[in-house]
Amino acid sequence: MKSKVLICDDHAVVRMGLRALFENEDDFCVVGEAKNGLEAVRMAAEVKPDIVLMDLMMPRLDGVEATQRILEAGNPRVLLLTSYSSSDGIARAIRAGACGVVMKNAEYDELLEAARQVVSGRQVIPRDIRRLLAEDPPVPELSPRQQEVLDSICRGLTNKDIAKQLGISVASVKSHLEVVFQKIGAATRAEAAAIAMRKHLLKL
């Protein structure tokens, strides 16, 4: 039985090349193409692919969020195919549930082998990404109030300003800050702001 492939990339030429590559193989068939993240989520629900080839930098909804939504709605395997060189961006997608990543400058055989590995249930994650995941574990989820406090300190507000804005006491602000600092591994407000930026925690 052939594995069904959904191709998600905002460049028509890339989609055309990937379709030609996979349709030339006996064990794959392309069941759809998506040109943005929202379309990828919708099509994944409709065509129910075995594997999704996901570009990391997608319009309307990036590859990380699209991956997360696709996996929450079903159980296809997601393989990132990207030219995006940021290990942090790729690591976020892996944490969202992607099973592997292949750079767009990879050889055709390397991409096909990675896709077969992912379909069979294995992970295809480069060593540097594995190291980043080990060194920089995901941050525990913040409560809505903790998120408000973190957003506020990143805007430069004082504890008194935050208390007034949120309608709570300064003591409560300090208590929330202590928990936030502990969760994200920060010791100071400046460090908390830097970590929030790096880990895309802000909801300003």
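Preceding this paragraph is the structure being described.
Thresholds applied
Residues numbered from 1 in each chain as written. Predicted model: local features only at pLDDT ≥ 70, side-chain atom pairs only at ≥ 80, totals over all residues. Heavy atoms only, no water. Core = buried A, V, L, I, M, F, W, Y, C linked by side-chain atoms within 4.5 Å. Buried < 20%, exposed > 50% of the residue type's maximum accessible area, 1.4 Å probe, protein only. Helix = DSSP H or I, 4+ residues; strand = E, 2+ residues; numbered from the N terminus. Contact = heavy atoms within 4.5 Å. Arc of directions from axis to C-beta. Polar contact = N/O pair within 3.5 Å; in protein donor to acceptor, adjacent residues only side chain to side chain. Patch = residues over 30% accessible without salt bridge, like charges linked within 9 Å, V, L, I, M, F, W, Y side chains within 5 Å. Areas by Shrake-Rupley, 256 points an atom, 1.4 Å probe, with all protein chains shown as cover. Salt bridge = Lys/Arg side-chain N within 4 Å of Asp/Glu carboxyl O. Lys, Arg positive; Asp, Glu negative; His and termini not counted. Charge placed at Lys NZ, Arg CZ, Asp CG, Glu CD. Pairing = 2+ DSSP bridges. Right-handed = clockwise from strand over helix to strand, strands pointing away.

> Help me understand the nonpolar core in this model?
The biggest cluster of nonpolar side chains holds 24 residues, and the ones touching the most others in it are Cys-8, Val-52, Met-54, Leu-80 and Ile-90. Per-element accounting of this core gives the leading share, 4 residues, to helix H4 (residues 87-96). Excluding its chain neighbours within four sequence positions, the residues that come into contact with Leu-80 are Met-54, Leu-56, Thr-67, Ile-90, Ala-93, Ala-98, Gly-100, Val-101 and Val-102. Membership of the second largest hydrophobic core comes to 19 residues, among which are Leu-18, Phe-28, Leu-53 and Leu-111.

> Looking at this structure, I do not really get helix H3 (residues 63-73). What am I missing?
Side chains that are three or four residues apart share a direction in an α-helix, a result of its 3.6 residues per turn. Among the residues making up H3, those that are buried are Gly-63, Val-64, Ala-66, Thr-67 and Ile-70. Projection of H3 onto a plane perpendicular to its axis shows the buried side chains occupying an angular sector of 165°, all on one side. Facing away from the buried surface of H3 by more than 90 degrees, the exposed residues are Glu-72 and Ala-73. Backbone nitrogen of Val-64 and a side-chain oxygen of the N-cap are separated by 3.1 Å at the start of H3; the cap is Asp-62.

> Sorry if this is basic, but what is going on with unusual backbone geometry here?
Most of the time, phi is negative for any residue but glycine, and the peptide bond is trans. Located in the positive-phi region is Lys-48, a residue other than glycine, with phi close to 50°. Tracing the chain through its elements places Lys-48 in the loop between helix H2 (37-47) and strand E3 (51-54). One non-glycine residue, Arg-60, lies in the positive phi region at around 70°. Here Arg-60 lies in the loop between E3 and H3. Given a relative accessible area of 67%, Arg-60 falls into the exposed group.

> It is not clear to me how the side chain of Glu-25 should be interpreted in this structure. Could you clarify?
Assignment of secondary structure puts Glu-25 in the loop between helix H1 (12-23) and strand E2 (28-34). Of the polar contacts made by the side chain of Glu-25, one reaches the side chain of Arg-116; its length is 2.8 Å. In this structure, Glu-25 is in contact with Lys-2, Leu-112 and Arg-116, ignoring residues within four places of it in sequence.

> Looking at this structure, I do not really get a negative patch on the surface. What am I missing?
Taken together, Glu-107, Asp-109, Glu-110 and Glu-113 make up a surface patch of like negative charges. Relative to the helices and strands, Asp-109 is located in helix H5 (residues 108-119).

> Got a minute to help me understand the pairing of E2 in this structure?
One face of the sheet, then the other: side chains in a regular strand alternate in exactly this way. The pairing of strand E1 (residues 3-8) with E2 spans 6 bridges and is classified as parallel. The residue of E2 that forms the bridge with Val-5 is Val-30. Of the crossover connections in this fold, the one passing from E1 over H1 to the parallel E2 is right-handed.

That is the geometry; function is a separate question.
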